[in-house]
Amino acid sequence: MDINKQVCFKYKEKWVQWFDTIKSSSYTSVTDVKCNHIQVAIWRKPYYISGFYTKHIRTVSQTPFYVPYDDSQDKGKGNETTNEPKKGMVKKGTSSIEEEICPVLAKIGCGGISVYNNEEIHKKDDESKNDNKSKLVYGMCKFHASGREDMDVRMLLPFDETICAYKNEEGFMGGRPFVCEVIDAYHMPTQDDLERVVAAVNHDDTTSANNDTEHCKKKDTDEDDNAITPSDKWEEIPSIRYFGSNPNGVGISSNIHYVPSSAFRNLQSNTEDKVKHYGCLVWSCNVIPTQSYLNDKLGFSPPSSDHGSDAMTPAKSAPHYPLEIAQSTPLRVLHRRSSQIRKRHILSLVATRLSSHWFLLRISTSAGTYVKEFVHGDCGRTSPSVSSMLGSGGSCCKTDIYWLDCEGIDV
């Protein structure tokens, strides 16, 4: 039986006694008494579940992503009677982080979310219009993360064996922090429930090859496979760099746990204080003859070597890191962000030549840095940039970032 009904039955006798008292009072009739509608609502206080997630597919957004429907490519497919274009919203991407985590947590971990406190609100603009009904949803599972990555950016674990250093007693091994705010759930999950949630999200089983102990192993790669292009090799990542084996590319850490409400409130407030690490696959229009040439241009000075290799020689004219850059609001987000110049910092940079036009770039930045714009320059709106540093004679070198991965967040 619904708990709201149980409460109503419990207090029914008291309401009847109160009504009988009114009838026996000095009022001439019962109709003289204005009785208000009495409604009793009981709900569970919100609680918060925290963890870390990874994403290794480039067609998954953080939250459901909808854009206005564009019928420019579907001419002639509108309404056959009126020939009007189709209208509405269309979803981008195959799934989202929120859709992969919240429904599983709500169903398996919480036994479902109550809908009995949701309401129907009737709004009437004027007498000439019909009533518009909108639903007030109270019970829900809200997803919040510490920052966000673009849909085409993967969220991975660190790229080498140093991931072992991130593992502590709670089993933390990197990823992006998130908090789920659960409101009006049927019950609070136990530790066993949370473990079942992790297994369901990650599509894990007892024979899964991607478990916590294997995150510290190193995968052998075939460096002599000339048939694989740099972009193909970049996309081939070992399973030790993400959680689980979810076909939609979303995984969560095994140590999801309860946190106080303060952790939820501080999730976004601390975002600007974090250091973020990225890996980029970059294409250059200009030829990159040697590794030492790339080091000299980008100011990456590897440790000195006793073998006298030019590739290990520090560049005297190279910019020093941390490197301060000035970034105007990127053109791609100018429609939703105010136009201003922001100071950001490239804390470290390591470049590795792959071929005459391709190289890998691994950088650590202050929070809020637009990495894509730092690489291609955004038509000169980011200075300095990889494009400007690879240029010569005052002109920039045309560069393009082919793939971008977020490889770690210092928390």
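Residues numbered from 1 in each chain as written. Predicted model: local features only at pLDDT ≥ 70, side-chain atom pairs only at ≥ 80, totals over all residues. Heavy atoms only, no water.

## A short note on the pattern of salt bridges
Across all of its chains, the model carries 13 salt bridges by this definition. The partner of Glu149 in a salt bridge is Arg176, with the nearest N and O atoms 2.7 Å apart. Here Glu149 is found in the loop between β8 (140-145) and β9 (154-155), whereas its partner Arg176 is found in strand β10 (residues 176-183), with 27 residues between them in sequence. For the pair Glu149 and Arg176, a shared accessibility class is recorded, and that class is buried. In this structure, Lys372 and Asp152 form a salt bridge, with 3.2 Å as the shortest nitrogen-oxygen distance. Placement of Lys372 in helix α8 (residues 371-376) and of Asp152 in the loop between β8 and β9 is noted, with a sequence separation of 220 residues between them. Three or more residues are tied together by salt bridges with common partners; here these are Asp150, Asp152, Arg332, Lys372 and Glu373. (Salt bridge = Lys/Arg side-chain N within 4 Å of Asp/Glu carboxyl O. Helix = DSSP H or I, 4+ residues; strand = E, 2+ residues; numbered from the N terminus. Buried < 20%, exposed > 50% of the residue type's maximum accessible area, 1.4 Å probe, protein only.)

## Description of the pairing of strand β13 (residues 275-284)
When you tally the buried positions in β13, you get 7 out of 10 residues, the bulk of the element. Direction of pairing for β13 relative to strand β16 (residues 358-366): antiparallel, over a ladder of 9 bridges. Across the sheet, Val282 pairs through a bridge with Phe359, a residue of β16. Of the strand pairs in this sheet, β13 and strand β18 (residues 399-409) are connected by 9 bridges, and their pairing is antiparallel. Bridge assignment links Cys280 to a residue of β18, and that residue is Leu404. (Pairing = 2+ DSSP bridges.)

## Details of helix α3 (residues 97-109)
If you check α3, its first and last C-alpha atoms are 17 Å apart, about what 13 residues at 1.5 Å a residue would give, namely 18 Å. Of all the positions in α3, only Ile97, Glu100, Ile101, Cys102, Val104, Leu105, Ala106 and Gly109 are classed as buried. (Expected span 1.5 Å × (residues − 1).)

## Some points on the pairing of β16
Burial within β16 is extensive, with 8 of its 9 residues counted as buried. With 7 bridges joining them, strand β15 (residues 341-353) and β16 adopt antiparallel strand pairing. The residue bridging Arg353 from the neighbouring strand is Phe359, located in β16. Between the antiparallel neighbours β15 and β16 lie 4 residues.

## Re the packing of aromatic side chains
The tally for this structure, following the rule as stated, stands at 6 aromatic pairs. Relative to Trp403, the ring of Tyr402 has its centre 5.4 Å away and its plane inclined at 80°; by these criteria the two rings are edge-to-face. (Phe/Tyr/Trp six-rings, centres within 6.5 Å; stacked < 30°, edge-to-face > 60°.)

## Considerations on helix α7 (residues 291-298)
Among all positions of α7, only Leu294, Asn295 and Leu298 are buried. Angular distribution of buried residues about the axis of α7 spans 100°; they occupy a single face of the element. Among the structural elements, β15, β16 and α9 (386-390) are those in contact with the buried residues of α7. Count one or two residues on from α7 and you reach Gly299, which has phi positive near 80°. (Arc of directions from axis to C-beta. Contact = heavy atoms within 4.5 Å.)

## Observations regarding the packing of α3 against helix α4 (residues 191-202)
Geometry of a packed helix pair, given as the angle between the helix axes and the separation of the axes. Relative orientation of the contacting elements α3 and α4 amounts to 140°, with a least axis distance of 9 Å. By the angle class used here, α3 and α4 are oblique. When you trace α3 past α4, the crossing you get is right-handed. Listed contacts from α4 to Glu100, Ile101, Val104, Leu105, Ile108 and Gly109 of α3 are Asp193, Leu194, Arg196, Val197, Ala200 and Val201. (Axes fitted to C-alpha atoms, helices over the stretch in contact; angles between N-to-C directions. Parallel < 35°, antiparallel > 145°, perpendicular 65-115°, else oblique. Left-handed = near helix turned anticlockwise from the far one by under 90°.)

## Thoughts on the environment of Phe178
With respect to the helices, strands and loops of the structure, Phe178 is situated in strand β10. C-alpha separation for the pair Phe178 and Gly147, spaced 31 residues apart in sequence, amounts to 9.1 Å. The contacts of Phe178, once residues within four sequence positions are left out, are Ile49, Ser50, Gly51, Phe52, Tyr53, Ile101, Phe143, His144, Ala145, Ile252, Ile256 and Leu267.

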